[in-house]
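Below, each chain spelled out in residue letters.
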Amino acid sequence: MINGLKRAAALGAATVALAAGAVVGTVGTASATPQHHQATTVSRHGMEAAGHWTRLRHPGYRDRHHHSHATWTRVGHPAHRDCRR
């Protein structure tokens, strides 16, 4: 009974040590990889422009105290290809 508990504890400790080593090894490898980011260049086929959201202000209404209450809406601009030459 005692030998079984010792064996289980040793196996658990070995598993934890292997898992910790794998995590540390992965983190070290991921941080050591070079970060090569190429500058975006305009090719003859154009360049992909990412979509974005803008806020559009609408003229407000006036309440009974003559305060203007403007409303804002979000307008989505989808991704598109920029083909300027």
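Undergrad: Tell me about the pairing of strand β3 (residues 68–77), and please be specific about residues and values.
TA: When strand β2 (residues 52–62) meets β3, the two strands line up antiparallel, connected through 9 bridges. Within β3, the position partnered with Thr 54 by the bridge is Val 75. Hairpin connection from β2 to β3: 5 residues lie between these consecutive antiparallel strands, with His 66 at a positive phi of about 65°.

Undergrad: I'd like a description of the pattern of salt bridges, backed by residues and values.
TA: Applying the stated criterion across every chain yields a total of 1 salt bridge. Residue Arg 81 is joined to Glu 48 by a salt bridge in which the shortest nitrogen-to-oxygen separation is 3.4 Å. You can see Arg 81 sitting in strand β4 (residues 80–82) and its partner Glu 48 sitting in strand β1 (residues 47–49), a full 33 residues away along the chain.

Undergrad: Describe the packing of aromatic side chains, with residues and values.
TA: Summed over all chains, the structure comprises 0 aromatic pairs. The side chain of Arg 55 reaches across the aromatic face of Trp 72, ending 4.3 Å from its centre. The lysine or arginine in question, Arg 74, covers the ring of Trp 53, its NZ or CZ lying 4.7 Å from the ring centre.

Undergrad: Talk me through unusual backbone geometry; I want residue IDs and the actual numbers.
TA: In this structure, His 66 is a non-glycine residue whose phi angle is positive, near 65°. When you line up the elements, His 66 lands in the loop between β2 and β3.

What counts and what doesn't
Residue positions are given per chain, counted from 1 along the sequence in the order it is written. Confidence filtering applies because this is a predicted model: local features only for residues at pLDDT of at least 70, side-chain atom pairs given and counted only at 80 or more, and all residues used for totals across whole chains, interfaces and linings. Side-chain numbers here rest on the full set of heavy atoms in the structure, without hydrogens or water. Two strands form a pair only when DSSP identifies at least two bridges running between them. Here a helix means four or more residues in a row that DSSP labels H or I, a strand means two or more in a row labelled E, and each is numbered from the N terminus. The salt bridge definition used is simple: a Lys or Arg side-chain nitrogen within 4 Å of an Asp or Glu carboxyl oxygen. Note on aromatic contacts: the rings of Phe and Tyr and the six-membered ring of Trp form a pair at centre separations within 6.5 Å, being stacked when their planes are under 30 degrees apart, edge-to-face when over 60 apart, and tilted otherwise. Only Lys NZ and Arg CZ are tested; either one counts as a charge over a ring when it is within 6 Å of the ring centre and within 35 degrees of the ring normal.

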